Amino acid sequence: MSELFLRAIFADNLVLSYFLGLCTYLAISKRLDTALGLAAAMIVVQTLTVPINYLIQRYLLLEGAWAWAGLPDVDLTFLKLIAFIGVIAAAVQILEMTLDRYVPALYRALGIYLPLITVNCAILGGSLFMAERQYDFGESVVFGLGSGIGWALAIALLAAIRERLRYADVPEGLRGLGITFVVTGLISMGFTAFSSVALP
Amino acid sequence: MAGSRHRFFTPLIDENPVTLQILGICSALAVTTSMTTALTMSAALTAVLMAASGLISALRNHMPKSIRLILQITIIASLVIITDLVLQAYAFDISKRLSIFVSLVVTNCLVLGRAETFAMHNPPGPSILDGLGNALGYSLILMIVGFVRELLGRGTLFGFTVLPSVEDGGWFQPLGVMLLAPSAFVILGLLIWAIRAWRPAQVEANEYPLTARAEG
């Protein structure tokens, strides 16, 4: 379990080794404080949706999941994609309403980032990886939390570097998007080093 | 006719969805370790984007404004599921190598972006053409990055040996790093630099200009 957790954060980092959630990653990393808000929202949503999607898949979609209702031959696996998207959209909506009602301060801090997360490939990708790699419930909780933290770590790093980049004299054509990609490449190179570290 | 030619060609370089608008990069880089996967992914995206633009445009007058996003996502998701199943049926090996990335076309900002900005306001014909143009712009970037990574990483193109590697008695020493994730970021960064050097209109404004400080 701890190995899965550490791999999800470092070696198999969603954004740095699977390129997931790049659009948001590049768009919201100009300032560190907004990046941290998005990072927190990301951890929460990822930790919630991967296990929920696991339960949906296990008890509603897979072949034989409807055996308890006397329908052992029903196989709804093809609906996986639509079901996952629906679950993610619903989970984000419910989370938003709950936060608004009970933790208004946190809601105001995360508010604008939550809807953005619904269409983030990293969230859907996390759930799809869970399905493809056939994690069990415990593993999917750990994987959700780990991959969320990994994504958050990556965007915090990039935002901190981009704040410094303002003082750099970047060549004209490389300014903005270009240099951001090169920096991400270097961060990613650093993270590949983790894949050769022996984990406890 | 000039209008449709314009609509078709501008997304290739001048308004390339990947390098200028930062749309759809999520799925663009992961599949570029070889030309074969890049080409399959491009074909899948082209099919989905054209069909989605056409369908959404045809239904645009029947969609209530308040639930249009849900309808658009459902249409796109259904098309992606069909594409994924077709790939699994006819090209199972490649479908395995593309792993989850075909499914991730659903959250590809490019598809939803074109639906929302273009297909919702234009008739099906131009929308399909707009979808094709943008899909080809995306494919072009994918193929260029895939070309560099496969050629330098393995010395092959589409699996055929171009540069004979040292292991097979040739002279080319494959650069293993090209097959790892970091190289994709750096190649795309340099590609953007090259395009912007060619088309200076795309250069981003300097938000924090450096000013020379007076001596003393």
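Note that the coordinates shown come from a computational prediction; the quantities given were computed from them, not determined experimentally.

Quick notes on the rules
- Every chain begins its residue count from 1, and numbering advances along the sequence as written.
- Chain A is the first chain written and ligand 1 is the first ligand written, with later ones labelled in order.
- pLDDT decides what is reported in this predicted model: residues at 70 or higher carry local features, side-chain atom pairs at 80 or more are listed and counted, and totals for whole chains, interfaces and linings draw on all residues regardless.
- Each side-chain value is worked out from all heavy atoms of the structure, with water and hydrogens disregarded.
- Here a strand is any run of E in DSSP of at least two residues, a helix any run of H or I of at least four, and the numbering for each starts at the N terminus.
- Residue exposure (1.4 Å probe, protein chains only): buried if accessible area is under 20% of the type maximum, exposed if over 50%, otherwise partly exposed.
- Only heavy atoms enter the contact rule, under which two residues are in contact if any of them lie within 4.5 Å.
- Methods summary: accessible areas were calculated by the Shrake-Rupley approach with a probe of 1.4 Å, and residue burial reflects only the protein chains presented.
- When charges are counted, neither His nor the chain ends are considered; positive counts come from Lys and Arg and negative counts from Asp and Glu.
- By convention, charge coordinates are those of NZ in Lys, CZ in Arg, CG in Asp, or CD in Glu.
- The quantity reported as buried area is the accessible area (1.4 Å probe) lost by two parts once they are put together, taken as the sum for both.
- What makes a salt bridge here is a side-chain nitrogen of Lys or Arg within 4 Å of a carboxyl oxygen of Asp or Glu, nothing more.
- Two N or O atoms form a polar contact when they lie within 3.5 Å of each other; inside protein one atom must be a possible hydrogen donor and the other a possible acceptor, and for residues adjacent in sequence the pair counts only when both atoms belong to side chains.
- Side-chain classes are defined by residue name, with Ala, Val, Leu, Ile, Met, Phe, Trp, Tyr, Cys and Pro counting as nonpolar, Asp, Glu, Lys and Arg as charged, and the others, Gly among them, as polar.
- Throughout, the arc means that of the directions going from the helix axis to the C-beta atoms.
- Nonpolar cores are built from buried Ala, Val, Leu, Ile, Met, Phe, Trp, Tyr and Cys residues. Side-chain atoms within 4.5 Å join them into one set.
- Each axis is a line fitted through C-alpha atoms, taken for helices only over the stretch in contact, and angles between the N-to-C directions span 0 to 180 degrees.
- Each crossing is labelled by how the near helix is turned from the far one, with a counterclockwise turn of less than a right angle marking it left-handed and a clockwise turn marking it right-handed.
- By definition, pLDDT measures how confident the predictor is in each residue, and it falls between 0 and 100.

Enquirer: Can you lay out the overall build of chain B for me, pointing to particular residues and giving the numbers?
Expert: A tally of regular secondary structure across chain B gives eight helices and two strands. Going residue by residue from the N terminus, the α and β elements of chain B occur as α-α-α-α-α-α-α-β-β-α. The principal-axis extent of the C-alpha atoms belonging to chain B is close to 70 × 60 × 35 Å. When the 216 residues of chain B are sorted by exposure, 50% land in the buried category. Long-range contacts, defined here as pairs at least 24 residues apart, represent 72% of the contacts in chain B between residues at least 6 apart. Total accessible area computed for chain B in this model is approximately 10,400 Å², and 66% of it derives from carbon and sulfur atoms. Charged side chains in chain B number 13 positive and 12 negative. The centres of these two groups are separated by 8 Å.

Enquirer: Just give me the short version of the overall build of chain A, but keep the residues and values in it.
Expert: From N to C terminus, chain A includes ten helices and zero strands. Each helix and strand of chain A, placed in order from N terminus to C terminus, yields the pattern α-α-α-α-α-α-α-α-α-α. For chain A, the C-alpha atoms occupy an extent of roughly 70 × 45 × 35 Å along the three principal directions. Counting all 200 residues of chain A, 48% fall into the buried class. When contacts within chain A are restricted to residue pairs at least 6 apart in sequence, those whose partners lie at least 24 apart make up 76%.

Enquirer: Give me the lowdown on the interface of chain B and chain A, citing residues and values where you can.
Expert: Opposite the 38 residues of chain B that make contact, chain A presents 41 residues. Counting each side, the surface lost to burial between chain B and chain A is near 3,600 Å², with a carbon and sulfur contribution of 80%. Interface area lost by chain B to chain A is led by C26, I100 and F185 of chain B, which between them contribute 19%. Our enumeration of links across chain B and chain A arrives at zero salt bridges. Linking chain B to chain A there are zero residue pairs in polar contact (both at pLDDT 80 or more). Within the residue set of the side of chain B that touches chain A, elements represented by two or more residues are α2 (25-30), α4 (68-90) and α8 (181-198) of chain B. Of the residues that constitute the side of chain B that touches chain A, the class distribution is 27 nonpolar, eight polar and three charged.

Enquirer: Quick rundown of helix α1 (residues 2-9) of chain A? Include the residues and the values.
Expert: Every α-helical turn comprises 3.6 residues, leaving residues that sit three or four positions apart pointing alike. All names here are of chain A. Taken together, the buried positions of α1 are occupied by L4, A8 and I9. The buried side chains of α1 occupy one side of the element, clustering within an arc of 130° when seen end-on. Contacts from the buried residues of α1 go to α9 (137-165) and α10 (177-192).

Enquirer: Could you give an account of the nonpolar core, naming the residues involved and the relevant values?
Expert: In terms of nonpolar packing, the biggest core is built from 112 residues, with L22, Y25, L124, W151 and F181 of chain A together with L29 and L188 of chain B touching the most fellow members. Not counting residues within four places of it along the chain, the set of residues in contact with L22 of chain A comprises V15 of chain A together with I25, C26, L29 and F185 of chain B.

Enquirer: I'd like a description of the packing of helix α6 (residues 109-119) of chain B against helix α7 (residues 124-154) of chain B, backed by residues and values.
Expert: Residues and elements named next belong to chain B. Packing of α6 against α7 leaves a shortest axis separation of 11 Å and a crossing angle of 145°. For the pair α6 and α7, the sense of crossing is right-handed. Along its contact with α6, which presents L110, R114, F118 and A119, the element α7 presents P126, S127, D130, N134 and Y138. Along the lines of polarity and charge, the residues of the contact of α6 with α7 split into five nonpolar, two polar and two charged.

Enquirer: Before we move on, could you go through the confidence of the model for chain A and cite the residues and values that matter?
Expert: A residue-level look at chain A finds 98% of positions with pLDDT of 70 or above and a mean pLDDT of 86. The secondary-structure element of chain A with the lowest mean pLDDT is helix α7 (residues 113-118) of chain A, recorded at 76, while α9 of chain A shows the highest, at 93.

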